[in-house]
Amino acid sequence: MRHSLSLFVLLFFLFTQAFSQQTKALVGGTLIDGFGGVPIRNSIILIEGERIKAVGQVGSLEIPAEAEIISTEGMSVLPGLWDMHVHLMLNGHSDYTHWDSTYIDVFESVIMPSSAHQLLMAGVTSARDLGAPLEASIIVRDRINKGEIPGPTIYVSGPFIQKAPYPNTEAFRWGVNGAADARAKVKKLIDAGVDVIKLIDQDQMTLEEAQAVVDEAHKYGKMVVGHSHRPEEIRIGLKIGVDNFEHTGLSTAPEYPEDIMLLIKERAAKMNLGPLFWTPTVEGLFNYEAVRDNPEKLDDPSWHLGLPDSIIRDIRASLRYPGRMSYFQLTPVRKPTLSRKFAQLKESGVVMLVGTDSGIPMKFHSQSTWNELDVWVNQFGMDPLLTIKSATYWPAVAMKVDKDYGTISEGKYADIIAVRGDVLRYINLLQDVDMVVKHGKRVK
């Protein structure tokens, strides 16, 4: 009996292994592979297990007889999107103080898993979470990686590093007092397993403190992501070696000052340091007035995924008067500056990354990322292929995982999305992704 049971277990294991390794073939669609070149018509993508086996075209690449064929006829096929600036601990509520005090105990068990699932269903297969309690960040990331809960591959910073945390935010903002303390705080984050270090308010630190943050992170091969809200944050960030700046910042100023542009161009010219990355996060600001004046999209049930009714009601109630939110009152004055600042960055030599600040008031994880691409293309005139590259190839390079992610090419993880229609002509087709494949498994 024991022998028969062992044989059954062995056969079951072999069967499930063979099934999980079954070759899939995505056949017929127009492939935008993420490298930025001419799309491949009538494409074939062979997937074996979690990874891409081969890429070619109908008539030139043979499809194995045993392969499961999935038609992508009439579709645009592209790498899974990255969102390089999300906040899983937030989900659109307008009152941060209320949100943090009410729900921090369920960030790990409810809020962050819900946010991650929403991102995945929106075609985001990789995301960078920039600011949340440390333990929750690590646990949620690792549970996703183990396949215990659905979500993109997540890269986390854990708590912000800044001069002093704002009141009642100590769980996800860590202050520093001297260079030694700055190094110790960064080392604690790295020992816990974070992927990046998030720096904010570096203009309020001593130069020694700010430099210690960057030096300690770089010592262990971790990139430093820095805020760029104020001119001095950028000047100091460039001086100390920040790798990736976030936001367009500078409030209502019409453009970046000349000295900052010269500093950015000088840094971008230093090939030995690699690219200087910049994540503009413009869609929340750019789209605010449209949402304020036509709030129908706030009723889209896609952001309810994974949330209990009580939290849904709380979020909805907080958004009852979109035009009254203090968070956005300067936005109508800031909005006209965005196009110029975006153009300055594009012309400066920085490599821009798609990120959204998803989770801020009225910005849901189910909707934010495609909105960012839409603004880049349809408002700022960015080439659609380069925009997609900024949401696929370049994020993987920035996170040093481009051997495994970022493009649809042989050997990489099969993170693939598809939408019906021509996404290069109508980038907003990404608001309704028809198919999502993550690590070779179709999840939508």
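For the structure, check the block above.
Small disclaimer: the values here were computed from a predicted structure and weren't measured. (Residues numbered from 1 in each chain as written. Predicted model: local features only at pLDDT ≥ 70, side-chain atom pairs only at ≥ 80, totals over all residues. Heavy atoms only, no water.)

*Asks:* Just to check I follow, could you spell out the pairing of strand S17 (residues 416–420) for this structure?
*Replies:* A regular strand places its side chains on the two faces of the sheet in alternate fashion. Among the 5 residues that make up S17, 4 are buried, leaving the element largely enclosed by the rest of the structure. As paired strands, strand S6 (residues 75–79) and S17 are joined by 5 bridges and run antiparallel to one another. Bridge pairing in S17 places Val-77 opposite Ala-418. The sheet contact formed by S17 and strand S18 (residues 435–438) spans 3 bridges and is antiparallel. Its bridge partner being in S18, Ile-416 is matched across the sheet by Val-437. (Buried < 20%, exposed > 50% of the residue type's maximum accessible area, 1.4 Å probe, protein only. Helix = DSSP H or I, 4+ residues; strand = E, 2+ residues; numbered from the N terminus. Pairing = 2+ DSSP bridges.)

*Asks:* Could you clarify how one ought to interpret the environment of Gly-440 in this entry?
*Replies:* Of note, Gly-440 is situated in the loop between S18 and strand S19 (441–442). Placed 417 residues apart in sequence, Gly-440 and Thr-23 show a C-alpha to C-alpha distance of 9.4 Å. Those residues within four positions of Gly-440 in sequence are excluded, and the remaining contacts are Lys-24, Ile-47, Gly-49, Glu-50 and Ala-414. (Contact = heavy atoms within 4.5 Å.)

*Asks:* I keep staring at the packing of helix H7 (residues 231–240) against helix H8 (residues 258–268) and nothing clicks. Help me out?
*Replies:* Helix-helix packing: each pair is described by the crossing angle between the helix axes and the interaxial distance. Interaxial distance between H7 and H8 falls to 10 Å at its minimum, and their mutual angle equals 30 degrees. Our classification of the angle between H7 and H8 gives roughly parallel. Two packed elements cross with a definite hand, and for H7 against H8 that hand is left-handed. Across the interface between the two elements, Pro-231, Ile-234, Arg-235 and Leu-238 of H7 pack against Asp-259, Ile-260, Leu-263, Ile-264 and Arg-267 of H8. Looking at the contact of H7 with H8 residue by residue, the class counts come to 6 nonpolar, no polar and 3 charged. (Axes fitted to C-alpha atoms, helices over the stretch in contact; angles between N-to-C directions. Parallel < 35°, antiparallel > 145°, perpendicular 65-115°, else oblique. Left-handed = near helix turned anticlockwise from the far one by under 90°. Nonpolar A, V, L, I, M, F, W, Y, C, P; charged D, E, K, R; others polar.)

*Asks:* Looking at this structure, I do not really get the sheet that holds S6. What am I missing?
*Replies:* Strands in a sheet are paired, the pairing made by backbone hydrogen bonds, and the direction either parallel or antiparallel. The strand order S2-S6-S17-S18-S19 describes an open sheet built from 5 strands, whose pairing is mixed. In this open sheet, the two edge strands, each paired with only one partner strand, are strand S2 (30–31) and S19. Across 2 bridges, S2 lies against S6 in parallel orientation. Across the sheet, Thr-30 pairs through a bridge with Ser-76, a residue of S6.

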